[in-house]
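Spelled out, the chains give:
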Amino acid sequence: MVACCSVVDGGLALLVRGDSGRGAERLPQAPVPRSGTLESVADRLVIQAAGVAPTWRAQGGGLLEGGLTVVVAAVVPMGTAPIAGHRWIPVARAKAETAAALRLALGVIRDRLDQDPIAFRLLPSPFALGELQQVYELLLGRRLHKASFRRALLAAHLIAPTDAWRSEGRGRPAQLYRYHPRRRRPGQRPLRFELLH
């Protein structure tokens, strides 16, 4: 079973199978074949549902519901349109049949967020720092302190500025960045952000 997330209409969304008119809501799933890997099955399911392979995935744990179901957490870039027979739903509106798998997936995403480039895998490149902060906030489910967020990113050497700028309404244009990590030194702390309460 794959709990695949993306950013849709400014919110975190879950990819489900089913017709929106009938309210059906099932996660993409398939039996594990005798040969192959969970990763290859998850990739195939996401491609069948979203038309693209996941840009990040990890095993999220197992559910005991009439047998063992392994949940794989995955993300695809914002702007990914689902294939016919699939749709995006806001994670806050997930029904009981998908909520348990979603909790496992969000748990592994949040646990790995300071180690893996998950937020960057949701964004097009280049991106503005405000867009990146919004994605982190959606994944964490918490607001971040703007100045602390930028300091932490720069200190972690995860991004590099580009020569591009984007006008975002009133005010001065925002510089655009790309994901460009430097090799982590032994003992270097993972990315940590200051949360707003």
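What comes next is a walk through the structure. Because the structure is a prediction, the values reported are computed rather than measured.

### What about the packing of aromatic side chains?
The relation between two aromatic rings is expressed through the spacing of the ring centres and the mutual angle of the planes.
In step 1: A full pass over the atoms with the stated rule returns 4 aromatic pairs.
In step 2: Centroid distance Phe-120 to Phe-127: 5.7 Å. Interplanar angle 55°. Geometry classified as tilted.
In step 3: Looking at Phe-127, the relative accessible area reads 2%, which means it is buried.
In step 4: Phe-120 sits in the buried class, given a relative accessible area of 6%.
In step 5: Put simply, the rings of Phe-120, Phe-127, Tyr-136, Phe-149 and Tyr-179 touch in pairs and so form one group of aromatic residues.

### With respect to helix α2 (residues 96–112)
In step 1: The end-to-end C-alpha distance of α2 is 25 Å, a good match for the 24 Å that 17 residues give at a rise of 1.5 Å each.
In step 2: Among all positions of α2, only Thr-98, Ala-99, Ala-100, Ala-101, Leu-102, Ala-105, Leu-106, Val-108 and Ile-109 are buried.
In step 3: For α2, the secondary structure elements touched by its buried residues are β1 (2–8), β2 (11–17), β3 (56–64), β4 (68–75), α3 (118–122) and α4 (129–140).

### A short note on the pattern of salt bridges
In step 1: According to the stated counting rule, one finds 3 salt bridges in the structure shown.
In step 2: Taking the shortest distance from any N to any O, the salt bridge between Asp-116 and Arg-112 comes out at 3.0 Å.
In step 3: Judged by its relative accessible area of 33%, Arg-112 is partly exposed.
In step 4: Here Arg-166 makes a salt bridge to Glu-131, at a shortest N to O gap of 2.7 Å. Placement of Arg-166 in strand β7 (residues 159–166) and of Glu-131 in helix α4 is noted, with a sequence separation of 35 residues between them.

### A look at the sheet that holds β3
In step 1: What the 5 strands build is an open sheet, ordered β3-β4-β1-β2-β5; its pairing is mixed. For this open sheet the edge positions go to β3 and β5 (86–90), each flanked by a neighbour on one side alone. For this sheet, the mean angle separating the axes of adjacent strands, direction not counted, is 30°.
In step 2: Two strands pair when backbone bridges link them, and β1 and β4 are joined in this way by 4 bridges, in the parallel orientation. Note that in β4 the partner of Ala-3 across the bridge is Ala-73.
In step 3: On top of the sheet, α2 reaches β1, β2, β3 and β4; it is set at about 135° to β3, its chief contact.

Rules of the game
- Residues numbered from 1 in each chain as written.
- Predicted model: local features only at pLDDT ≥ 70, side-chain atom pairs only at ≥ 80, totals over all residues.
- Heavy atoms only, no water.
- Phe/Tyr/Trp six-rings, centres within 6.5 Å; stacked < 30°, edge-to-face > 60°.
- Buried < 20%, exposed > 50% of the residue type's maximum accessible area, 1.4 Å probe, protein only.
- Helix = DSSP H or I, 4+ residues; strand = E, 2+ residues; numbered from the N terminus.
- Expected span 1.5 Å × (residues − 1).
- Contact = heavy atoms within 4.5 Å.
- Salt bridge = Lys/Arg side-chain N within 4 Å of Asp/Glu carboxyl O.
- Pairing = 2+ DSSP bridges.
- Axes fitted to C-alpha atoms, helices over the stretch in contact; angles between N-to-C directions.

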